[in-house]
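Report on the structure
Now for the letters of each chain:
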Amino acid sequence: EFADDDDGEFDDGGDGWGDDGGDGGWGDGDDDVQDINNDDNIMSGAKQNQFESTIPEMTDSSIHSNCDEINMIPLFAATPDLKSRSRIGAMVGIRVANLTNITTDQLEVWGLTPEFPFIALKFEFGPFYLNEAKLPKVEVGMCRKLSPDEKLHAFRLSWTIGERLNNSLLTNKEWPPKGIDMKDIPKASAISDLMESSAKEYALCLKAVRKYKGDDQQALSLLLDEGQSKKLEKDLPSLAKCRAKFSDIMSKISTKQEDEKSSAWEAPK
């Protein structure tokens, strides 16, 4: 009785389970399955996305090392901006609170307020950083925190500083920097260890490492020798000179901006 004619309904061609007809059953139409999840497009773009997200190792390590070094200097702060191959850069901040030789009145004249603790320089580089022919760009402004995605706010000197950097330093004549090889950039961790072991400032430790071409032990021996250390220190500019130079640069930029404004407002003769 299990083989009677009525059982044939389980094998016929209208139930959508075991037939080969075009009814959308499980066993048919494999070549016409729609790309519901957009997998084809995802896979076609995978190689391009992988390339875009691959930042050259030398670039990554050099920018991180440079930012680490900058962070050892009390007046400055820095953070890398390494989101993708087409977004490689760094953000360098000047701590306004540490500009102790500049008066509050002068800061107000420049349009700097306590609300924004950093004067920020946002740099954009090519994929190969210092070994890259593509000219870098810089944007200047104030910011509340040092983050690559932080919005920069203009102050009175921001446009002037940015234009001077872009038109005077970041030019075909000056870039790529001459005499700088990324392979020769000291590791920030090595400088940090020397600072801790010798109790000397960043600039002196960096100079010692460069003097001995990256030999940490020879650099440390020099730093621990008071006579040799003081001799090397004489070649460094004093903190007072650095502050005075910075103040002079800012004042000249401010004066130039005022002169440009005055010229623009003068009536034609």
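Anyway, here's the lowdown on the structure attached to this text. On a predicted model such as this, the values are computed, not experimentally measured, just so you know.

**Quick word on the nonpolar core**
- Of all hydrophobic cores here, the largest spans 31 residues; its most connected members are Ile63, Leu107, Leu112, Phe123, Phe125, Val138 and Phe155.
- At the level of elements, α3 (57-70), β1 (76-84), β2 (87-95), β3 (118-125), β4 (137-143) and α5 (158-169) are the ones that each hand at least two residues to this core.
- Setting aside chain neighbours within four positions, we find leucine 112 in contact with Leu107, Ile119, Met142 and Phe155.
- In this structure, Met72, Ile191, Leu223 and Leu232 belong to the second largest nonpolar core, which totals 16 residues.

**Things to note about the pattern of salt bridges**
- Per the stated rule, a full pass over the model turns up 6 salt bridges.
- Its salt-bridge partner being aspartate 81, residue arginine 87 comes within 3.1 Å of it at the nearest N-O pair.
- You can call arginine 87 partly exposed: its relative accessible area is 29%.
- Here arginine 87 makes a salt bridge to aspartate 149, at a shortest N to O gap of 2.8 Å. Placement of the pair is arginine 87 in strand β2 and aspartate 149 in the loop between β4 and α5, with a sequence separation of 62 residues.
- Connected via shared salt-bridge partners are Asp81, Lys83, Arg87 and Asp149.

**Here's the deal with the side chain of aspartate 81**
- Considering the arrangement of structural elements, one finds aspartate 81 in strand β1.
- Assessed through its relative accessible area of 7%, aspartate 81 is described here as buried.
- One polar contact links aspartate 81 to arginine 87, side chain to side chain, over a distance of 3.1 Å.

**Brief notes about the pairing of β4**
- In terms of residue burial, β4 counts as a mostly covered element, since 5 of its 7 residues are buried.
- Pairing of β3 with β4, which is carried by 7 bridges, proceeds in the antiparallel orientation. Directly across from lysine 122, in β4, lies its bridge partner glutamate 139.

**Overview of unusual backbone geometry**
- Each neighbour pair has its own omega, and for tryptophan 175 with proline 176 the value is 0°, a cis peptide bond.
- In this structure, alanine 199 is a non-glycine residue whose phi angle is positive, near 60°.
- On the basis of relative accessible area, alanine 199 is assigned to the exposed category, the value being 69%.
- One non-glycine residue, lysine 213, adopts positive backbone phi at about 50°.
- Tracing the backbone through its elements, the reader meets lysine 213 in the loop between α7 (202-211) and α8 (216-224).

**Some words on the environment of aspartate 225**
- For aspartate 225, the location among the structural elements is in the loop between α8 and α9 (226-233).
- Taking relative accessible area as the criterion, aspartate 225 reaches 37% and is therefore assigned partly exposed.
- Here the alpha-carbon distance between aspartate 225 and serine 198, two residues 27 residues apart in the chain, equals 9.6 Å.
- In this structure the side chain of aspartate 225 is engaged in a polar contact, spanning 3.1 Å, whose partner is the backbone nitrogen of glutamine 228.

**Looking at helix α6 (residues 188-198)**
- If you check which residues of α6 are buried, you get Ala188, Ala190, Ile191, Leu194 and Ser198. Projected onto a plane normal to the axis of α6, the buried residues spread over an arc of 160° and lie on a single side.
- Looking at the packing, one finds that the buried side of α6 touches α3, α7 and α8.
- Following α6 by one or two positions, alanine 199 adopts a phi angle in the positive range, close to 60°.

About the thresholds
- Each residue is numbered by its place in its chain's sequence as written, counting from 1.
- Local features in this predicted model are restricted to residues whose pLDDT is 70 or higher, and side-chain atom pairs enter the listing and the counts only when it is 80 or higher, whereas totals over whole chains, interfaces and linings include all residues.
- Each side-chain value is derived from all of the structure's non-hydrogen atoms; neither hydrogens nor water enter the calculation.
- Definition of nonpolar core: a set of buried residues of the types Ala, Val, Leu, Ile, Met, Phe, Trp, Tyr and Cys, connected through side-chain atoms within 4.5 Å.
- Summary of the burial criterion: residues with accessible area below 20% of their type's maximum are buried, those above 50% are exposed, and those between are partly exposed, where the area comes from a 1.4 Å probe applied to protein chains only.
- Working definition: helices are DSSP H or I runs of at least four residues, strands are E runs of at least two. Numbering for both runs from the N terminus.
- Contacts between residues were defined by any pair of non-hydrogen atoms, one from each residue, lying within 4.5 Å.
- We count a salt bridge whenever a side-chain nitrogen from Lys or Arg sits within 4 Å of a carboxyl oxygen from Asp or Glu.
- Counting of polar contacts relies on pairs of N or O atoms within 3.5 Å, with two restrictions inside protein: one atom must be capable of donating a hydrogen and the other of accepting it, and residues adjacent in sequence are counted only when both atoms are side-chain atoms.
- Two strands qualify as a pair provided DSSP detects at least 2 bridges between them.
- Here the arc refers to the set of directions running from the helix axis out to each C-beta atom.

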